[in-house]
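Notes for the structure review
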Amino acid sequence: MPPKTEKERPLNVVEVTSSEDEGVARTVATQKVCSVTTPPPPLQISGPDMPQSSGAIEPSVLPSDETLESRSFWKAGNYAVGPTSKPLVQSSLEHARVHPKFLHSNATSHKWAFGAIAELMDNAVDEIHRGATFVKVDKIDVMKDNSPALVFQDDGGGMDPELIRKCMSLGYSSKKSNTTIGQYGNGFKTSTMRLGADVVVFSRSIRASKATQSVGLLSYTFLRRTGLDDVIVPMIDFDISGHWAEPIIYSSQDDWSSNLKTILEWSPFTSKEELLLQFDDIGPHGTKIVIYNLWLNDEGIYELAFDDDDEDIRLRDEALRGATKLHKKIAELQSHISYCILYSLRAYASMLYLRKFKNFQIILRGKPVQQFNIADELRYPKVVTYKPQVATGLKECAVETTIGFIKEAPSLGVSGFNVYHKNRLIRPFWKVTGDGSSKGNGVVGVLEADFIEPAHDKQDFERSSLSVRLENRLKQMVADYWRNHCHLIGYQALVSSARDKQKGHPGQPPVVHAASMEKHLPSYQHNISFNLQAEVDDQAVHIPGDGKQDLSDKQPDVEVPNGLMSEDDLESMSVDQICEENIKLFGRCEEHRKEEAELKQTIDKLEKELEEMRKKCAQISSLLEAKQKLKVK
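Not measured: the values here are computed from a predicted model.

Quick word on the sheet that holds strand β18 (residues 424-430)
Ordered in space as β15-β16-β19-β17-β18, the 5 strands form an open sheet in which the pairing is mixed. At either end of the open sheet lies a strand with only one pairing partner, and these are β15 (379-386) and β18. Shown here is a sheet whose adjacent strand axes are inclined to one another by a mean of 15°, direction ignored. Pairing of β15 with strand β16 (residues 399-405) involves 6 bridges; the strand directions are antiparallel. By the bridge assignment for β16, K382 is matched with I403.

This is the structure we're talking about:
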């Protein structure tokens with residue numbers, strides 16, 4: 001049966017504009033009817049609204065000394081640019097092109113590889129409303145060169161020929177729902193190019209009783225080695241409504257065959273049959289993404305480690321940091337979830353979404369990921385309601401924050417807030433308290449902040465007045481919770497009244513304030529007191545919306561161990577903490593002693609210079625007096 005041929009339609013010219021405000025390129029497609037005297041080459045993105053054309057591509061010839069062997073992500077953008085080729089679209093309209101280097105520079109928004117993986121998981125989660133029940137993340141071996149490839153697969157609604165072209169265009173997003181995670185239309189490109197140099201996409205979809213399957217190739221390697229100065233994405237489509245797959249032809253059979261030839265040459269699959277086999281496990285609808293030519297680290301080995309754990313994918317550089325023999329407490333800290341998420345994808349994926357899915361699973365290397373919310377195991381939990389001051393005209397909202405001590409407290413000093421946005425983790429263990437104080441150790445909170453916007457890589461929030469006020473409010477939450485609950489884990493929250501300061505408590509160490517300590521310190525140690533006070537005050541002061549400072553905790557007390565603690569607790573926790581604080585204070589004393597010695601030397605030097613200047617002044621004065629006497633005579 002001959003392949004299906006779509007009717008010719010007016011050419012859609014894609015004008016590419018950039019937005020400096022958002023930091024990403026946006027693609028705006030506008031239908032403009034024009035007469036094409038010379039058809040564009042076959043590798044332009046084509047489809048129902050962008051017909052293919054005839055002709056052959058003639059890439060620029062690369063310089064002979066161009067090796068293109070750099071496989072490290074942060075160096076991949078450093079290659080010589082060949083001579084500019086003629087525009088691929090020959091018409092009376094100007095064509096703004098996107099250089100392949102933009103694919104790399106655009107992907108640098110992801111500093112962390114797991115952030116890129118999370119973006120692709122988000123795309124599958126957004127398909128839940130279209131019937132998706134799983135997303136699989138796994139590793140396969142590429143037969144061409146026996147190299148690893150990263151695979152993402154879901155059983156969502158899939159993409160028809162039009163949608164897959166929008167997916168692989170820059171800046172287009174069809175996700176307008178308030179519940180979907182993706183919104184910028186840039187995540188697929190940045191995330192895939194951050195993980196590897198090349199990606200091939202397989203997708204099946206059913207639209208209006210028509211079943212289709214499409215293949216698209218976005219290959220940085222192809223664009224570099226052919227010397228192209230425009231981003232070309234070869235694609236082919238099939239109509240599978242009948243008993244077999246029929247090629248969908250938009251212009252000519254030669255164009256379709258040229259796209260297929262390019263895909264087979266630059267993808268991991270060597271034949272059309274092998275290519276179509278990739279649809280066998282997709283089912284009637286869904287999407288499979290294969291990322292290959294994975295990036296290497298600075299040592300020339302793969303950034304992602306697949307062999308350390310058969311059920312996990314790890315970041316090699318982070319995982320190697322804990323390989324040596326460590327102190328017991330450091331080992332305990334590195335086994336905590338707050339550290340594991342830095343190098344273990346299974347640990348990170350378990351916390352990636354706040355609410356547990358009912359009919360959806362994340363399957364990592366063949367094993368489902370068990371979702372985990374640290375709020376479920378907090379000790380002495382408390383729910384605090386926060387009403388952010390949103391802009392005028394926006395709907396007011398109330399944010400509930402669950403705060404409490406981790407189950408390992410006080411032996412582990414892990415603290416911070418897991419802040420989510422639309423169910424997606426943006427900032428894990430966001431530490432809002434100072435590093436120099438034990439106040440807040442073990443205090444962890446969980447909240448969903450939909451009223452502030454995340455950054456493009458979804459690893460932080462845009463800096464705004466709302467985010468600043470949220471940070472101040474979280475600081476106040478920690479201070480309030482610590483003051484009222486720290487005695488439950490072996491600390492004493494000291495009363496700041498004058499009577500309690502004088503009397504103290506039988507069997508317990510006396511109450512000491514940082515402010516009162518200053519009066520009894522030698523002059524060279526006053527700065528130590530100021531530093532301690534500043535660290536405590538930084539956590540206690542809260543600036544509400546009216547701009548007035550709440551100074552109720554301006555001079556909080558220094559916490560001391562509770563006298564009711566057992567000897568084991570004192571030996572394992574309190575003594576260690578006291579020793580650590582003592583070492584820090586001793587170090588600061590030494591620093592101030594050195595500063596004092598340096599200042600004394602400076603004073604001595606200045607005094608000597610002053611004395612020399614006084615002598616010079618006396619000599620000059622005597623000379624002037626002598627001259628004046630001579631003139632008078």
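Some thoughts on the pairing of strand β13 (residues 361-364)
For strand β4 (residues 134-142) and β13, the ladder comprises 4 bridges, and the chain directions are parallel. Residue pairing for β13: V137 is matched across the bridge by L364. Bridge analysis of β13 against strand β14 (residues 367-368) gives 2 bridges, and the strand direction is antiparallel. Bridge pairing in β14 links I363 to P368. Between the end of β13 and the start of β14, which pair antiparallel, lie 2 residues, with R365 showing a positive phi angle near 50°.

Comments concerning the environment of I117
The topology assignment puts I117 in helix α2 (residues 113-125). Once the C-alpha coordinates of I117 and L150 are considered, the two residues, 33 residues apart in sequence, prove to be 9.8 Å apart. What I117 contacts, discounting residues up to four positions off in sequence, is L150, F152, L195 and L345.

Focus: the packing of aromatic side chains
This model, assessed by the stated rule, comprises 14 aromatic pairs. Aromatic pair F114 and Y348: ring centres 6.1 Å apart, planes at 15°, arrangement stacked. Placement of F114 in helix α2 and of Y348 in helix α11 (residues 345-351) is noted, with a sequence separation of 234 residues between them. With a centroid separation of 5.3 Å and an interplanar angle of 55°, the aromatic rings of W482 and Y491 are classed as tilted. As far as burial versus exposure is concerned, W482 and Y491 are alike and both buried.

Considerations on the environment of V125
In this fold, V125 is placed in helix α2. With a relative accessible area of 11%, V125 lands in the buried category. When the C-alpha atoms of V125 and I362 are compared, they prove to be 9.2 Å apart, with 237 residues separating the residues in sequence.

A word on α2
The end-to-end C-alpha distance of α2 is 19 Å, a good match for the 18 Å that 13 residues give at a rise of 1.5 Å each. Among the residues of α2, A113, F114, G115, A116, I117, A118, E119, L120, M121, D122, A124 and V125 are the ones counted as buried.

A word on the side chain of R365
By the secondary structure assignment, R365 is in the loop between β13 and β14. Take R365: its relative accessible area is 16%, and that puts it in the buried class.

Describing unusual backbone geometry
Each neighbour pair has its own omega, and for A409 with P410 the value is 5°, a cis peptide bond. Within the fold, P410 resides in the loop between β16 and β17 (416-421). In this structure, N423 is a non-glycine residue whose phi angle is positive, near 75°. Inspection of the secondary structure puts N423 in the loop between β17 and β18. If you check the backbone angles, K458 has positive phi at about 55° while not being a glycine. Along the chain, K458 turns up in the loop between β19 (443-448) and α12 (465-485). Residue class for K458 comes out buried when judged on its relative accessible area of 4%.

Conventions used here
Throughout this description, residue numbers start from 1 for each chain and increase along the sequence as written. At least 70 in pLDDT is required for a residue's local features to be given in this predicted model, at least 80 for side-chain atom pairs to be given and counted, and no such filter applies to totals for whole chains, interfaces and linings, which use all residues. To get the side-chain values, take all heavy atoms of the structure and skip hydrogens and water. Any two strands with at least two DSSP-identified bridges between them are counted as paired. Only DSSP runs of H or I with at least four residues qualify as helices, and only runs of E with at least two residues qualify as strands; both kinds are numbered from the N terminus onward. Orientation is described by lines fitted to C-alpha atoms, with helices fitted over the stretch in contact, and by angles between N-to-C directions that extend from 0 to 180 degrees. Contact definition: two residues touch when any of their heavy atoms are within 4.5 Å. Any two rings among Phe, Tyr and Trp, with Trp reduced to its six-membered ring, count as a pair given centres within 6.5 Å; such a pair is stacked if its planes are under 30 degrees apart, edge-to-face if over 60, and tilted if neither. Only protein chains enter the accessibility calculation, which uses a 1.4 Å probe. A residue is then buried if its area is under 20% of the maximum for its type, exposed if over 50%, and partly exposed in between. To estimate the expected span of a helix, count its residues, drop one, and scale the result by 1.5 Å.

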